[in-house]
Amino acid sequence: EIQEQISIFNKIQAEIQEAIRNQSQLESQRHENTMVKEAFAEMEDDEPVFKRVGPVMVRQDVAEAKVDVNSRIAFIDGELAKTELQIKEKTTAQTAVREKIQQMQKKLQEEASGS
């Protein structure tokens, strides 16, 4: 049974690491979009803005581009919040499994020393 708990612990650890990688990627995307938003704030409304659509660069209205960037930032913020919650929940679960393993090890040690 202790091996089963260790296996669960390792699985949760891998899930936490994956969530942390996702969080890092989302933070990077948020930083990029924030930089774009700051660049748009310095632009005049009649300046040309282009976005990539497949292999082609297509002209886009500045106001529309600003809305797109703000929408992406809002989406990323939502995903970051979900990821942070996931990390917190998995860390709590991992702590519970760790404590259970420690109790099992202590019990085994007591049984071994009592025999």
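Just so it is clear, the model here is predicted, and its values are computed rather than measured. (Residues numbered from 1 in each chain as written. Predicted model: local features only at pLDDT ≥ 70, side-chain atom pairs only at ≥ 80, totals over all residues. Heavy atoms only, no water.)

A.B. asks: Help me understand helix α1 (residues 2–41), please; the structure alone is not making it clear to me.
C.D. replies: Along an α-helix, residues three or four positions apart point the same way, because every turn accommodates 3.6 residues. With 40 residues, α1 ought to run about 58 Å at 1.5 Å a step, and its terminal C-alpha atoms sit 58 Å apart, in line with that. By the burial criterion, the buried members of α1 are Ile2, Gln5, Phe9, Ile12, Ile16, Ala19, Gln23, Leu26, Asn33 and Phe40. Contacts made by the buried residues of α1 are with β1 (49–53) and α2 (62–114). (Helix = DSSP H or I, 4+ residues; strand = E, 2+ residues; numbered from the N terminus. Expected span 1.5 Å × (residues − 1). Buried < 20%, exposed > 50% of the residue type's maximum accessible area, 1.4 Å probe, protein only. Contact = heavy atoms within 4.5 Å.)

A.B. asks: So what exactly am I meant to see when it comes to the environment of Ile76 here?
C.D. replies: Relative to the helices and strands, Ile76 resides in helix α2. Note on Ile76: relative accessible area 5%, which makes it buried. A C-alpha to C-alpha distance of 7.6 Å links Ile76 and Gln29, two positions 47 residues apart in sequence. Dropping the residues within four chain positions of it, Ile76 is found in contact with Leu26, Gln29, Arg30 and Asn33.

A.B. asks: How do you make sense of the pairing of β1 when you look at a structure like this?
C.D. replies: Side chains on a regular strand alternate between the two faces of the sheet. Here five bridges tie β1 to strand β2 (residues 56–60), and the two strands are oriented antiparallel to one another. If you follow Phe50 over to β2, its bridge partner there is Arg59. Connecting the antiparallel pair β1 and β2 is a turn made up of two residues, with Gly54 showing a positive phi of about 65 degrees. (Pairing = 2+ DSSP bridges.)

A.B. asks: What should I look at first to understand the pattern of salt bridges in this one?
C.D. replies: Pairing is possible between side chains that carry opposite charge, provided their charged atoms lie close to one another. One pass over the full model with this rule turns up six salt bridges. Across the salt bridge formed by Lys11 and Glu15, the nearest N and O atoms sit 3.1 Å from each other. Note that Lys11 and Glu15 are positioned in helix α1 at a spacing of four residues, about one turn of the helix. The class of Lys11 is exposed, set by a relative accessible area of 53%. Residue Glu15 is classed as partly exposed on the basis of its relative accessible area, which comes to 25%. Between Lys66 and Asp45 there is a salt bridge, and its shortest N-O distance comes to 3.7 Å. Of this pair, Lys66 sits in helix α2 while Asp45 sits in the loop between α1 and β1, placing them 21 residues apart in sequence. Residue Lys66 is classed as partly exposed on the basis of its relative accessible area of 27%. Residue Asp45 is classed as exposed on the basis of its relative accessible area, which comes to 57%. (Salt bridge = Lys/Arg side-chain N within 4 Å of Asp/Glu carboxyl O.)

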